[in-house]
Amino acid sequence: IDIKNMGIGIRIYWFSSNNNITNYNSENNSEGLYVYYGSNSYWKNLTIKNSDNGIDMRERSKNNFIFNSLFDNNTWDIWFAQGNGNYPTNNKFYNNTFSTSSKITSSNWTATPTYFNSSISGTNIGNYWDDLGCNAYTTVGSYKVCTNPANYSINQTNTIVDYAPLVNGIQISNCSNLTSAGST
């Protein structure tokens, strides 16, 4: 599914559940995916870019799994919003790529329990963050999980954390010129 230059790409609305979305490309929309009271869904292989809100997740949206997706150059990659005192809860994001310094927000993080890592076949995996400065990692199955630092804070108060951030490989922060083989 390709939806470009529209107001809202896909709208999941009002007590709707089991809305599984696969291979969705949203570009230059006000919202790539608007979810209001949506629950128990699997969304994978999404590419959402150049939008105001990548995913606009509203009140009582719960138990959704978002994975294997790319969020790039959105004003807000994920926007958690409340309505009538209700918040989205228990949504899991894993094995996604958040590019251009991820921007994820909520009007109340305490009321929005959301998870940015998940256990898959006993392996805890998180997401790829383009601004994660990983100095060391371990290979777990087919994933490279950063071990230094061991987590990635999503919000400013450090209450929402990806406890198993992924890396494509070791990122070198400091390198000197090598003048001969074997020297450091």
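Residues numbered from 1 in each chain as written. Predicted model: local features only at pLDDT ≥ 70, side-chain atom pairs only at ≥ 80, totals over all residues. Heavy atoms only, no water.

1. Observations concerning the pairing of strand β17 (residues 136–140)
No. 1: Sheet topology places β17 next to strand β18 (residues 143–148); five bridges connect them, and they run antiparallel. Of the residues in β18, the one forming a bridge with T139 is K144.
No. 2: In textbook terms, the turn of a hairpin is the stretch between consecutive antiparallel strands, and for β17 and β18 this stretch comprises two residues, one of which, G141, has a positive phi near 65 degrees. (Pairing = 2+ DSSP bridges. Helix = DSSP H or I, 4+ residues; strand = E, 2+ residues; numbered from the N terminus.)

2. Overview of the state of the cysteines
No. 1: According to the stated counting rule, one finds one disulfide in the structure shown.
No. 2: A sulfur-sulfur distance of 2.4 Å marks the disulfide that ties C134 to C146. When the S-S torsion is 110 degrees, as for the bridge of C134 with C146, the disulfide is right-handed. One end of the pair, C134, is in the loop between β16 (128–129) and β17; the other, C146, is in strand β18, with 12 residues separating them in the sequence. Each member of the pair C134 and C146 is classed as buried. (Disulfide = S-S within 2.5 Å. Buried < 20%, exposed > 50% of the residue type's maximum accessible area, 1.4 Å probe, protein only.)

3. Thoughts on the sheet that holds strand β9 (residues 76–80)
No. 1: The strand order across the open sheet built from five strands is β2-β4-β6-β9-β12, with neighbouring strands paired in parallel fashion. The sheet is open, and its two borders are formed by β2 (8–17) and β12 (104–106), each paired with just one other strand. Direction aside, neighbouring strands of the sheet carry axes that sit 10 degrees apart on average.
No. 2: Bridge count between β9 and β12: three bridges; the pairing is parallel. Considered in β12, the bridge of F80 is made with S106. (Axes fitted to C-alpha atoms, helices over the stretch in contact; angles between N-to-C directions.)

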